[in-house]
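Now for the letters of each chain:
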Number of protein chains: 4
Amino acid sequence: MLLKDLRTEVLEANLELVKRGLVLYTFGNASGVDREQGLVVIKPSGVDYDDLRPEHMVVTDLNGKIVDGDLKPSSDLDTHTLLYREFAEIGAVVHTHSEFATSFAQAGMEIPALGTTHADYFYGPVPVTAVLSDQAIGGAYVHETGVAIVKRFEGIDPMAIPAVLVAGHAPFAWGKDAHDAAHNAVVLEAVAKMAYKTLLLNPEADGVSQALLDRHYFRKHGAKATYGQ
Amino acid sequence: MLLKDLRTEVLEANLELVKRGLVLYTFGNASGVDREQGLVVIKPSGVDYDDLRPEHMVVTDLNGKIVDGDLKPSSDLDTHTLLYREFAEIGAVVHTHSEFATSFAQAGMEIPALGTTHADYFYGPVPVTAVLSDQAIGGAYVHETGVAIVKRFEGIDPMAIPAVLVAGHAPFAWGKDAHDAAHNAVVLEAVAKMAYKTLLLNPEADGVSQALLDRHYFRKHGAKATYGQ
Amino acid sequence: MLLKDLRTEVLEANLELVKRGLVLYTFGNASGVDREQGLVVIKPSGVDYDDLRPEHMVVTDLNGKIVDGDLKPSSDLDTHTLLYREFAEIGAVVHTHSEFATSFAQAGMEIPALGTTHADYFYGPVPVTAVLSDQAIGGAYVHETGVAIVKRFEGIDPMAIPAVLVAGHAPFAWGKDAHDAAHNAVVLEAVAKMAYKTLLLNPEADGVSQALLDRHYFRKHGAKATYGQ
Amino acid sequence: MLLKDLRTEVLEANLELVKRGLVLYTFGNASGVDREQGLVVIKPSGVDYDDLRPEHMVVTDLNGKIVDGDLKPSSDLDTHTLLYREFAEIGAVVHTHSEFATSFAQAGMEIPALGTTHADYFYGPVPVTAVLSDQAIGGAYVHETGVAIVKRFEGIDPMAIPAVLVAGHAPFAWGKDAHDAAHNAVVLEAVAKMAYKTLLLNPEADGVSQALLDRHYFRKHGAKATYGQ
């Protein structure tokens, strides 16, 4: 893929977040990675979405060193790059403060798999990280946010559960490309919204069985997927 | 009715679901049946709503065998066709993951008849199916979903309560034609939304009396209906 | 006022309800009264709002006898006319199934005066009627709905609290003219929405003091009103 | 700054509140101050937002004496002017009845700092004033509202926590200029919305640590701010 196309894809993913109501003002960012060239394309920090053009995207290497671009990258860059280094299969990362997913993150609660909408996208609960230590917060905080995510995913396949809640903060989602990562962030918010209402109606709601989780997840994912054209 | 008109009607019902906010991305489907010809017209699987045209609709027989169309039918086809075979009076079926109705389904709770808005459309609580067994889920799952619905409606007239919640999944609604089925799905969501808020305000809310249920339901349905022109 | 102007005003009030999201499909109606001529102008029953024109409005006398119009009047006509006969100062009546006010009605709960937004419009809690008896429901039900409202307002000035919740049903609002009645219905829904959230945050919320109720209500109403131009 | 520019800025801040859904009908107002000239520019009372033009803004001195303008100023003027006199660094004040912030005010609850969205803007909980005494309400009520705010901010830097909830009433927000004050009011509502959901999910939610509060707040504020371009 040409870097030019990746810039456009990353911009479109950022705009999809706005269109779907996941982003207020500049509270969100999306990035994509070109694995062959070892380059990351990310939204600049604090620029109005209305003014964003592909050429405004900032290009860095996988350690966050700026390679191209006149603007400062998103302040969450170091979380994105760590995820690219640690999760080998992901092609894009999205961060939002979307209302319901963030409320679960603030409550320190994972999003349980309460229905088939969840199971179609997330093969188990969407986990919440541990609370960051004062030392981590006072140090390389943005990097440490990534460390907490990676630690929480020990034993979890990030392609099977393509999102996480950072405790006291907000969600990150990812996917095979920028379109897919934004799509997962949008579905995460929908799933969080329904989990919220379900838990208020019935705090003891059982959640889906393993059989139903398997059936729905593998309907849309893996070699035997049957959904779509 | 010409099959051409049924294709258009089914498409319009699908678009009504989008317009009313019941469908995110491709999470929903509507179908209609031509009883004389024994043909079902259904949305194709996983196609963007923006791109849908009448000629994209898939035509099958009442057992789900494809008769016409280049695209794969909705993955929920086997539930639709079973409902057509078992519920002789229905002319269309709609499936969504609409937010509030799905939250009741996830909570494993029926939607009680708490007010006259409900009574105008549903002659009693909107029931929730039993949880599907692992065997049913592992077998002909989509067909088994229909089986669970039909079993739950033993003793209930599907024309008097034109919707159901599939436990841990989401609602199905139906009606005499595609327009009516989509309308019922939209009203179901509105009724679910108000039931949710009512129960949070007052978990002991009484619900309507049989007299009020009768009065409102028969105001809009049956030989003595007085509503409308 | 010419009846022609009243038809237009009543139509505009109906459309304001749609614009503000208080009405789904045809679930609502507004009427206005010409006291000099003893005529009521009301929306026809079950007609799409998109198609409504001033000449579609139905004209009746104060007992609901149709004087002009080819369409059937709103099925709630007899409640409207009773309110006009009993509440001498009101010039218009609005009925909706707006989401939050209806949820309070379904919960059988009045809307307490929890803040100054409420106090600016309603000089005390918005009351809920008694549940209608089976006999009333089985008899002249729409008229009996009005009877229950009037009975609930014994000792309450309907101009000081221009709305009511009919238990298990939905709100009615009124005002000095059609614009005012629709405005009150919209504010009622906003006030109900905030009361709902307040009570979920703090079921023991105190509500405004009599002093604050007086201050805000009389800021906008009565001889000493200071609000606006 | 020319007063002409301030009129335009204040108008734009008022319109931003409408655009973001914080204001129903005329329930809100924004003002700005020109410290050099000692002049305040404020929205007129009860005028439709659609009709507002820069020349409709009312100009007063810091004691609320009208200097220019044919319309009556917002009925909340005396709160605005007191805040300008007492909080030396603020350049604009905004008042709304936005849904979630008002619900906290009605519940008599501060908005706790439950996440980083909050910490990015408010360096601690958003406080709620004491309930006004009957005497204060019966006296110079609008002025006394300001007195209650100022009293509540004893020991709090108003630039570090640029908003307050007036008990039983609604929020006020402020900032270095009109754009900033409106922005803070919008973020306050978003933060209140997420705090509401967080507390309903988990009434024992911990809130952010001092370390996280420091990290996020100073990322966007003060000499060492790193956010944006």
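Residues numbered from 1 in each chain as written. Chains lettered and ligands numbered in written order. Predicted model: local features only at pLDDT ≥ 70, side-chain atom pairs only at ≥ 80, totals over all residues. Heavy atoms only, no water.

**Points about the overall build of chain A**
Part 1 of the argument: Counting its secondary structure elements, chain A contains 8 helices and 7 strands.
Part 2 of the argument: Scaling as 2.2 N^0.38, a compact globule of 229 residues should have a C-alpha radius of gyration of about 17 Å, and chain A matches this with 17 Å.
Part 3 of the argument: Across the 229 residues that make up chain A, the buried fraction comes to 62%.
Part 4 of the argument: Of the contacts formed within chain A by residues at least 6 apart in sequence, a portion of 64% connects residues at least 24 apart.
Part 5 of the argument: Accessible surface, chain A as shown: approximately 8,900 Å² in total, 50% of it carbon and sulfur.
Part 6 of the argument: Taking the 19 positively charged and 30 negatively charged side chains of chain A as two groups, their mean positions are separated by 4 Å. (Helix = DSSP H or I, 4+ residues; strand = E, 2+ residues; numbered from the N terminus. Rg over C-alpha atoms; globule rule 2.2 N^0.38 Å. Buried < 20%, exposed > 50% of the residue type's maximum accessible area, 1.4 Å probe, protein only. Contact = heavy atoms within 4.5 Å. Areas by Shrake-Rupley, 256 points an atom, 1.4 Å probe, with all protein chains shown as cover. Lys, Arg positive; Asp, Glu negative; His and termini not counted. Charge placed at Lys NZ, Arg CZ, Asp CG, Glu CD.)

**Some points on the sheet that holds strand S2 (residues 39-42) of chain B**
All names here are of chain B.
Part 1 of the argument: Read across the sheet, 7 strands follow the order S4-S3-S2-S1-S5-S7-S6 without closing on themselves; strand pairing throughout is antiparallel. Single-partner strands in this sheet number two, and they are strand S4 (66-68) and strand S6 (163-165). Between one strand and the next, the sheet's axes are offset by a mean angle of 25°, whatever the strand orientation.
Part 2 of the argument: Here 4 bridges tie strand S5 (residues 92-96) to strand S7 (residues 171-175), and the two strands are oriented antiparallel to one another. Across the sheet, residue Val94 finds its bridge partner in S7, namely Ala173. (Pairing = 2+ DSSP bridges. Axes fitted to C-alpha atoms, helices over the stretch in contact; angles between N-to-C directions.)

**Remarks on the packing of aromatic side chains**
Part 1 of the argument: In the structure shown here, the tally under the stated rule is 36 aromatic pairs over all chains.
Part 2 of the argument: Measuring from ring centre to ring centre gives 5.0 Å for Tyr123 of chain C and Tyr217 of chain C, while their planes differ by 35°; the resulting arrangement is tilted. With a gap of 94 residues between them, Tyr123 of chain C in the loop between helix H4 (116-119) and helix H5 (134-138) and Tyr217 of chain C in helix H8 (residues 210-220) connect regions that are remote in the sequence.
Part 3 of the argument: Clustering of aromatic rings is evident, with ring pairs tying together Phe27 of chain A together with Tyr121 and Phe122 of chain D.
Part 4 of the argument: Cation over ring: Lys197 of chain A sits above Tyr196 of chain B, and NZ or CZ is 5.6 Å from the ring centre. (Phe/Tyr/Trp six-rings, centres within 6.5 Å; stacked < 30°, edge-to-face > 60°. Lys NZ or Arg CZ within 6 Å of the ring centre and 35° of its normal.)

**As for the nonpolar core**
A general tendency of soluble globular proteins is for nonpolar side chains to be buried together.
Part 1 of the argument: Within the largest apolar cluster, 265 residues are counted, with the highest numbers of intra-cluster contacts made by Trp174 of chain A, Trp174 of chain B, Trp174 of chain C together with Trp174 of chain D.
Part 2 of the argument: Looking at this core element by element, the count peaks at 15 residues for helix H7 (residues 178-201) of chain D. (Core = buried A, V, L, I, M, F, W, Y, C linked by side-chain atoms within 4.5 Å.)

**Describing the sheet that holds strand S6 (residues 163-165) of chain D**
Residue and element names in this part refer to chain D.
Part 1 of the argument: With antiparallel pairing, the 7 strands of this open sheet are ordered in space as S4-S3-S2-S1-S5-S7-S6. Lying at the two open borders of the sheet, with one neighbouring strand each, are strand S4 (66-68) and S6. The mean angle between the axes of side-by-side strands here comes to 25°, regardless of whether they run parallel or antiparallel.
Part 2 of the argument: The pairing of S6 with strand S7 (residues 171-175) spans 3 bridges and is classified as antiparallel. Residue pairing in the sheet places Leu165 in a bridge with Pro171 of S7.
Part 3 of the argument: With respect to the sheet, helix H2 (residues 77-86) is in contact with strand S1 (28-34), strand S2 (39-42), strand S3 (58-61), strand S5 (92-96) and S7, its orientation differing from that of S1 by roughly 35°.
Part 4 of the argument: Strands S5, S6 and S7 of the sheet are contacted by H7, whose axis makes an angle of about 140° with S7.

**Some remarks on the relation of the copies chain A and chain B**
Part 1 of the argument: Overlay of chain A on chain B (RMSD 0.0 Å): rotation 90°, translation along the axis 0.0 Å. Considering both components of the superposition, the chain copies are consistent with a four-fold axis. Within chain A, Leu200 of chain A has its C-alpha nearest the rotation axis, a separation of 5.5 Å. (Least-squares fit on C-alpha atoms with pLDDT ≥ 70 in both.)

**Observations regarding the relation of the copies chain C and chain B**
Part 1 of the argument: Of the two same-sequence chains, chain C is brought onto chain B (RMSD 0.0 Å, axial shift 0.0 Å) by a rotation of 90°.
Part 2 of the argument: A share of only 6% of the interface residues of chain C reappears at the interface of chain B, consistent with the copies meeting through non-equivalent patches.

**Some thoughts on the interface of chain C and chain B**
Part 1 of the argument: Every contact between the two is made by 31 residues of chain C and, on the other side, 34 residues of chain B.
Part 2 of the argument: If you sort the residues of chain C by the area they bury against chain B, Tyr25, Gln106 and Tyr196 of chain C come out on top, with a joint share of 24%.
Part 3 of the argument: At the junction of chain C and chain B, the tally comes to 2 salt bridges.
Part 4 of the argument: Between the two partners, chain C and chain B, sit 12 residue pairs in polar contact (both at pLDDT 80 or more).
Part 5 of the argument: For the side of chain C that touches chain B, the secondary structure elements donating two or more residues are helix H3 (99-107), H5 and helix H7 (178-201) of chain C.
Part 6 of the argument: Sorting elements by how many residues they give to the side of chain C that touches chain B places H3 of chain C first, with 7 residues.
Part 7 of the argument: Across the side of chain C that touches chain B, the residue classes tally to 15 nonpolar, 13 polar and 3 charged. (Buried area = accessible area lost by both parts, 1.4 Å probe. Salt bridge = Lys/Arg side-chain N within 4 Å of Asp/Glu carboxyl O. Polar contact = N/O pair within 3.5 Å; in protein donor to acceptor, adjacent residues only side chain to side chain. Nonpolar A, V, L, I, M, F, W, Y, C, P; charged D, E, K, R; others polar.)

**Notes on the layout of surface pockets**
Part 1 of the argument: Space inside the second largest pocket adds up to approximately 990 Å³.
Part 2 of the argument: Around the second largest pocket sit 33 residues that line it, and Tyr121, His179 and His183 of chain C together with Tyr25 and Asp48 of chain D are the ones nearest its centre.
Part 3 of the argument: Elements that contribute at least two residues to the lining of the second largest pocket include exactly helix H1 (3-19), H7 and H8 of chain C together with helix H1 (3-19) of chain D.
Part 4 of the argument: Taken together, the residues that form the lining of the second largest pocket break down as 13 nonpolar, 8 polar and 12 charged. (1 Å grid on protein atoms, 1.4 Å probe; cavity = no way out; pocket = protein on both sides within 12 Å on 5 of 7 lines; lining within 4 Å. Points joined across faces, edges and corners; volume = space filled by probe spheres on them.)

**What to know about the interface of chain A and chain B**
Part 1 of the argument: Tallying the contact residues gives 34 residues for chain A and 31 residues for chain B.
Part 2 of the argument: Buried area between chain A and chain B, summed over both chains or domains, comes out near 2,700 Å², and the portion from carbon and sulfur atoms is 57%.
Part 3 of the argument: At the surface where chain A touches chain B, the tally comes to 2 salt bridges.
Part 4 of the argument: With a shortest N-O distance of 3.8 Å, Lys193 of chain A and Glu99 of chain B are connected by a salt bridge.
Part 5 of the argument: Taken together, the links from chain A to chain B amount to 12 residue pairs in polar contact (both at pLDDT 80 or more).
Part 6 of the argument: For the side of chain A that touches chain B, the elements supplying multiple residues, two or more each, are helix H4 (116-119), helix H7 (178-201) and helix H8 (210-220) of chain A.
Part 7 of the argument: Among the elements that make up the side of chain A that touches chain B, the one with the highest residue count is H7 of chain A (12 residues).
Part 8 of the argument: Considered class by class, the residues forming the side of chain A that touches chain B number 15 nonpolar, 11 polar and 8 charged.

**Considering the UniProt feature "domain: Class II aldolase/adducin N-terminal" (unreviewed entry) in chain A**
Part 1 of the argument: Sites flagged by UniProt as "domain: Class II aldolase/adducin N-terminal" (unreviewed entry) map to residues 8-196 of chain A.
Part 2 of the argument: As a span, residues 8-196 of chain A carries 38% helix and 16% strand, and end to end its C-alpha atoms are 34 Å apart. (UniProt positions renumbered as here; feature names shortened; annotations may be inferred.)

**Observations regarding the packing of H7 of chain A against helix H3 (residues 99-107) of chain B**
Part 1 of the argument: Running from amino to carboxyl end, H7 of chain A crosses H3 of chain B at an angle of 55°, the nearest separation of the two axes being 8 Å. The angle between the axes of H7 of chain A and H3 of chain B places the two elements in the oblique class. Every pair of crossing elements has a handedness; the one defined by H7 of chain A and H3 of chain B is right-handed. Contacts between H7 of chain A and H3 of chain B pair Lys193, Met194, Ala195, Lys197, Thr198 and Leu201 of chain A from the former with Glu99, Phe100, Thr102, Ser103, Phe104, Gln106 and Ala107 of chain B from the latter.
Part 2 of the argument: A class-by-class count of the residues in the contact of H7 of chain A with H3 of chain B yields 6 nonpolar, 4 polar and 3 charged. (Parallel < 35°, antiparallel > 145°, perpendicular 65-115°, else oblique. Left-handed = near helix turned anticlockwise from the far one by under 90°.)

**Points about the pairing of strand S1 (residues 28-34) of chain C**
All names here are of chain C.
Part 1 of the argument: With 7 of 7 residues buried, S1 is to be regarded as a mostly interior element.
Part 2 of the argument: Every second residue of S1 is oriented toward a common face, with Gly28, Ala30, Gly32 and Asp34 on one face and Asn29, Ser31 and Val33 on the other, all of them buried.
Part 3 of the argument: Across 5 bridges, S1 lies against strand S5 (residues 92-96) in antiparallel orientation. By the bridge assignment for S5, Gly32 is matched with Ala92.
Part 4 of the argument: As judged from the 4 bridges shared by S1 and strand S2 (residues 39-42), these two strands associate in the antiparallel manner. Bridging from a neighbouring strand, Val33 pairs with Val40 of S2.
Part 5 of the argument: In sequence, S1 turns back onto S2 through a hairpin of 4 residues, with Gly38 there showing a positive phi of about 65°.

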